[in-house]
Amino acid sequence: MRAPENLLADCGSCFGLCCVALPFARSSDFAVDKAAGEPCRNLRQDSRCGIHSTLREKGFAGCTVYDCFGAGQQVSQSTFAGRDWREQPSNSSEMFAVFPIMRDLHELLWYLADARDRDATASLHDRLSSDNAELHALTESPPEVLLSVDVSGLRSRINEVLLDASDLVRAEVKGKKKNYRGRDLMGAQLAGANLRGASLRGTYLIGATLRGADLRLTDLIGADLRGTDLRGADLRGSLYATQFQIDAARGDRATRLPESLARPSHWT
C-alpha cells in the first residue's frame, strides 16, 4: 500500500509530544531516565530535538525507532486546536494522556489501511471500511471522549478482521505455511529461510538472523525485530509491517521493503 498521509509523523506540526508525554528508562536505547510528562533534556523550545542528527551516537537510539503514526500532529493541531502545552499548562496533563491513546488508534488505522489495500481481502472490505470509519471518527473526538476509549477492547475486536484478512492474503501462497506466532525466536539462525506467507505475529525475533530470507506476504503484526538481521531479505508485500519495526532492525541496500516503508538512513 501507499502510506496514508495522515498516518505519517509530521514533527513540524507537533508540540514534541513523544519527547514529553512518554517515559523512558536508562538503557541501551536511552542515555538517561525520564518520567512521563517531563520534557526530554534535548527538546528545544521550538519542539525540535536538539541532537536529532546524532541521537544514536549520544545514546538515544530508542528515539530513532519510535513512530507515532501521525498521532502527534493530530493531538496538537486537531484535538487541542493548536494550543501548545507550554502556552497553556492547564492542557498539558490531558494532552499527554490523550497522546498514547491517539497513537494506538492511528496504529490500528495503519493495519486496516494495509488490509483494505489488498485484492485478496475484497470480501472483507465492508467490515474493514466500517472499522476504519469508526476509528477515524474517534480520532476526531474531543479529549474527554478519547480518554474513555477502551483501547484494549478495540484492539481485540479489530484484530479479528485483521486475522481474517491475513488468512486470505497468505492463502495466495500455495502449500503449507510456517506458523511461528508468538514464538520466542530471539537469536534464531534463519538466514535464507523461506518464510513466504508465514505467520510471525507477535514473534520475538530480537537479534535473529533473517539475512536473505523470503518474507513476502508474511504477517508481521507485533513481531519484535529489534536488531534483527534483514540484510538482503525480501519483505515486499509483507502484511502489517511498520516503519518502527524496520527502523529497529538491521538491513542494507539489498533489503527489499514494502512500498509504504522507507529505508532507514542508518542502514548500510
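Parameters at a glance
Residues numbered from 1 in each chain as written. Predicted model: local features only at pLDDT ≥ 70, side-chain atom pairs only at ≥ 80, totals over all residues. Heavy atoms only, no water. Axes fitted to C-alpha atoms, helices over the stretch in contact; angles between N-to-C directions. Helix = DSSP H or I, 4+ residues; strand = E, 2+ residues; numbered from the N terminus. Parallel < 35°, antiparallel > 145°, perpendicular 65-115°, else oblique. Left-handed = near helix turned anticlockwise from the far one by under 90°. Contact = heavy atoms within 4.5 Å. Nonpolar A, V, L, I, M, F, W, Y, C, P; charged D, E, K, R; others polar. Salt bridge = Lys/Arg side-chain N within 4 Å of Asp/Glu carboxyl O. Buried < 20%, exposed > 50% of the residue type's maximum accessible area, 1.4 Å probe, protein only.

> If you had to explain the packing of helix 3 (residues 92-116) against helix 4 (residues 125-139) to someone new, which residues and values would you point to?
Look at helix 3 against helix 4: their axes get within 10 Å of each other, and the N-to-C directions meet at 155°. On the basis of their axis angle, the class for helix 3 and helix 4 is roughly antiparallel. The way helix 3 lies across helix 4 gives a crossing that is left-handed. Where helix 3 abuts helix 4, its residues Met102, Leu105, His106, Leu108, Leu109, Leu112, Ala115 and Arg116 lie against His125, Leu128, Ser129, Asp131, Asn132, Leu135, His136, Leu138 and Thr139.

> Account for the packing of helix 3 against helix 6 (residues 151-170), with residues named and values stated.
Running from N to C, helix 3 and helix 6 point in directions that differ by 10°, and their axes come no closer than 10 Å. Looking at the two axes, helix 3 sits roughly parallel to helix 6. In contact with Ile101, Asp104, Leu105, Glu107, Leu108, Tyr111, Leu112 and Ala115 of helix 3, helix 6 contributes Val151, Leu154, Arg155, Ile158, Val161, Leu162 and Ala165. Here the contact of helix 3 with helix 6 is built from residues that sort into 12 nonpolar, no polar and 3 charged.

> Which residues make up the pattern of salt bridges, and what are the values?
In this structure the tally under the stated criterion is 19 salt bridges. Arg86 is the salt-bridge partner of Asp84, the closest N and O atoms lying 3.3 Å from each other. For Arg86, a relative accessible area of 22% translates into the label partly exposed. Salt-bridge contacts for Glu107 lead to Arg155; the nearest nitrogen and oxygen are separated by 2.9 Å. Of the two residues, Glu107 is situated in helix 3 and Arg155 in helix 6; the sequence distance between them amounts to 48 residues. With a relative accessible area of 7%, Glu107 lands in the buried category.

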